[in-house]
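Here are the chains, one letter per residue:
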Amino acid sequence: MPASADLSSDVETLKSDLAQIRDDLKVLASNAVESGKDKAEAAKDVAKDKYNDALDSVETFVKDKPVTSLGIAFAAGLLASLYLKKR
């Protein structure tokens, strides 16, 4: 019977080890999710800052050169209408 007791002990040890591995994997997965959220938040902030900078640049250009801005808008609209008409 000693072999049976050793086998039983080994099975219990294996169960305990597997439970510990499962718990460790949960922690690792949770950490990976948090890291991904942090990176996504940082990327969102960078994109928002670049968008705001571009918007400020356009606003400044339009204020400084309103006639040029109007000409550019007219030309872009004309090109878009010609392109869409050909389709």
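Quick caveat, the model's predicted, so the values are computed rather than measured.

Q: What am I meant to see in the overall build of the protein here?
A: Within the protein, the regular secondary structure consists of two helices and zero strands. A compact globule built from 87 residues should have a C-alpha radius of gyration of about 12 Å, whereas the protein, at 32 Å, is more than 25% larger. Judged by the C-alpha coordinates and their principal axes, the protein covers about 100 × 35 × 5 Å. Evaluated residue by residue, the protein yields a buried proportion of 1% over its 87 residues. Just so you have it, the protein exposes about 7800 Å², and 65% of that area is on carbon and sulfur atoms. For the protein, the distance from the average position of its 13 positive side-chain charges to the average position of its 15 negative side-chain charges is 16 Å.

Q: Please explain a nonpolar patch on the surface as it appears in this structure.
A: A contiguous nonpolar surface patch, about 500 Å² in accessible area, is contributed by Leu14, Leu18, Ile21, Leu25 and Leu28. For Leu28, the location among the structural elements is in helix H1 (residues 2-64). Note on Leu28: relative accessible area 54%, which makes it exposed.

Q: Where do I start with a negative patch on the surface in this structure?
A: On the surface, Asp45, Asp49, Asp53, Asp56 and Glu59 cluster together into a patch of negative charge. Topologically, Asp56 is positioned in helix H1.

Q: Looking at this structure, how should I read the pattern of salt bridges?
A: Proximity of charged atoms lets side chains of opposite charge pair with each other. Tallied over the full model, the rule gives four salt bridges. One salt bridge in this structure joins Lys37 and Glu34, with 3.8 Å as the shortest N-O distance. A residue pair is termed a helical-turn pair when its members lie 3 or 4 positions apart in one helix, as Lys37 and Glu34 do in helix H1 at three residues. According to the relative accessible area criterion, Glu34 is partly exposed, its value standing at 41%. Between Lys44 and Glu41 there is a salt bridge, with its nearest N and O atoms 3.2 Å apart. Here Lys44 pairs with Glu41, and both are found in helix H1, just three residues apart, close to one helical turn. Of the residues examined, Lys44 reaches a relative accessible area of 46% and is grouped as partly exposed. Relative accessible area serves as the criterion here: at 41%, Glu41 is assigned to the partly exposed category.

Cut-offs used in this document
- Residues numbered from 1 in each chain as written.
- Predicted model: local features only at pLDDT ≥ 70, side-chain atom pairs only at ≥ 80, totals over all residues.
- Heavy atoms only, no water.
- Helix = DSSP H or I, 4+ residues; strand = E, 2+ residues; numbered from the N terminus.
- Rg over C-alpha atoms; globule rule 2.2 N^0.38 Å.
- Buried < 20%, exposed > 50% of the residue type's maximum accessible area, 1.4 Å probe, protein only.
- Areas by Shrake-Rupley, 256 points an atom, 1.4 Å probe, with all protein chains shown as cover.
- Lys, Arg positive; Asp, Glu negative; His and termini not counted.
- Charge placed at Lys NZ, Arg CZ, Asp CG, Glu CD.
- Patch = residues over 30% accessible without salt bridge, like charges linked within 9 Å, V, L, I, M, F, W, Y side chains within 5 Å.
- Salt bridge = Lys/Arg side-chain N within 4 Å of Asp/Glu carboxyl O.

Interpretation in functional terms is not warranted from these geometric data alone.
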